[in-house]
Amino acid sequence: MKTLIKRYFNEYGFNPDNQTIDLFIKYADLLFEENKRVNLTALSGEKEIVVKHFLDSIIILKYRDLNGKKAIDLGTGAGFPGIPLKIMSPQMEITLVDSLKKRCLFLEKTIKELGFQSVMVKNERAENLGQNKDYRGSYDYSFSRAVANTRILLELHAPLLKVGGEMFLLKGPAIDEEIADAQNAARELGVELVDILRYELPEDYGQRTVAIYQKTLETPAKYPRRPGIPEKRPL
Ligand code: SAM
């Protein structure tokens, strides 16, 4: 596993030290072990986990340094992209959010075993956090991978960011239509598309994109709407 991490991370210009690599190996062991008990995430082999999950999660570090920043990962599941980003950015403060309790129990165990500081796990719907004054408007960065359509994600993310903060939506190759469909939502929520990163994962694991939006205005108080409404009636 160490060789795989070095090889594929180096290909993308990342040079993790031994301590960092050891944390990724420990995390992979926890994922494999948990996957035997419950079907946590679709995992097949070591190469897949290194490329499709670890590398895919950290690509945004080519764009932004997260150390010293406050971030939130909405719908993190087994910890993607939040945990790989935390391993690579130890000075980042991060909140990992998922509405499924079993995922959160795994995350709690993982952060303990990896010895992380400044990581909080929140078993909650993103819609509720967005209306909670302890969370609303407090983050520099937010992330989501494979959680929902862009129109829905904009409503879940925007309220949680500070004005000037950025959200990173990790997606597959077909993002252009989603972005076009999200124009009204972006206007309504006071966010602007600032960039789309496009890259190819090694070993034919496919094309990926990251849509980056910046919050430019305060989010109207009525957003996010109640849990389930953003999905049922996207803006
Ligand atoms: N981000 C992880 C990844 O890339 O492997 C998990 C993706 S999984 C397909 C989507 C996750 O989002 C699930 O664990 C689900 O419980 C969570 N989720 C979906 N909608 C949510 C919401 N409104 N608030 C919090 N979590 C949500």
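Residues numbered from 1 in each chain as written. Predicted model: local features only at pLDDT ≥ 70, side-chain atom pairs only at ≥ 80, totals over all residues. Heavy atoms only, no water.

(A) The pattern of salt bridges, seen in detail. The final tally for this structure, using the stated rule, is 13 salt bridges. Salt-bridge contacts for aspartate 56 lead to arginine 208; the nearest nitrogen and oxygen are separated by 3.9 Å. Pair noted here: aspartate 56 is in helix α3 (residues 46-58) and arginine 208 is in strand β7 (residues 206-215), with a separation of 152 residues, a long-range link. Between glutamate 127 and arginine 125 there is a salt bridge whose closest N-O contact spans 2.8 Å. A relative accessible area of 31% means that arginine 125 is categorised as partly exposed. (Salt bridge = Lys/Arg side-chain N within 4 Å of Asp/Glu carboxyl O. Helix = DSSP H or I, 4+ residues; strand = E, 2+ residues; numbered from the N terminus. Buried < 20%, exposed > 50% of the residue type's maximum accessible area, 1.4 Å probe, protein only.)

(B) A look at the packing of aromatic side chains. In this structure the tally under the stated criterion is 9 aromatic pairs. Between tyrosine 27 and phenylalanine 80 the ring centres are 5.7 Å apart and the planes differ by 40 degrees, which places this aromatic pair in the tilted class. With tyrosine 27 in helix α2 (residues 18-37) and phenylalanine 80 in the loop between β1 (70-74) and α4 (82-88), the pair connects residues that are 53 residues apart, well separated along the chain. By the burial criterion, tyrosine 27 is buried, and phenylalanine 80 matches it. An aromatic cluster is present here, built from Phe9, Phe14, Phe24, Tyr27, Phe54 and Phe80 joined pairwise through their rings. A cation over a ring is seen here: lysine 62 above phenylalanine 14, with NZ or CZ 4.8 Å from the ring centre. Here the guanidinium or amino end of lysine 70 rests over the ring plane of tyrosine 139, the centre of that ring lying 5.2 Å away. (Phe/Tyr/Trp six-rings, centres within 6.5 Å; stacked < 30°, edge-to-face > 60°. Lys NZ or Arg CZ within 6 Å of the ring centre and 35° of its normal.)

(C) How the structure looks around the site of the ligand. In the neighbourhood of the ligand, 15 residues make up the surrounding shell, with Gly75, Phe80, Asp98, Arg103 and Arg145 lying closest. Between aspartate 98 and the ligand, the recorded distance is 2.7 Å, taken from a side-chain N or O atom to an oxygen atom. Serine 99 places a polar main-chain atom, nitrogen or oxygen, 3.3 Å from a nitrogen atom of the ligand. Here the ligand loses 78% of its free accessible area of 600 Å² to cover by the protein chains. (Near = heavy atom within 4 Å. Polar contact = N/O pair within 3.5 Å; in protein donor to acceptor, adjacent residues only side chain to side chain. Areas by Shrake-Rupley, 256 points an atom, 1.4 Å probe, with all protein chains shown as cover.)

(D) Highlighting the UniProt feature "binding site: S-adenosyl-L-methionine" (unreviewed entry) in the protein. The UniProt record annotates "binding site: S-adenosyl-L-methionine" (unreviewed entry) at Gly75, Phe80, Ala126, Glu127 and Arg145. The subset of the named residues that lines the largest pocket consists of Gly75, Phe80, Ala126, Glu127 and Arg145. Structurally, glycine 75 can be placed in the loop between β1 and α4. The exposure class assigned to glycine 75 is partly exposed, which follows from its relative accessible area of 26%. Apart from the residues lying within four places of it in its own chain, the contact partners of glycine 75 are Phe80, Val97, Asp98, Arg145 and Val147. Leave out the neighbours within four places in its chain, and phenylalanine 80 touches Tyr27, Leu31, His53, Phe54, Ser57, Asp73, Gly75 and Arg145. (UniProt positions renumbered as here; feature names shortened; annotations may be inferred. 1 Å grid on protein atoms, 1.4 Å probe; cavity = no way out; pocket = protein on both sides within 12 Å on 5 of 7 lines; lining within 4 Å. Contact = heavy atoms within 4.5 Å.)

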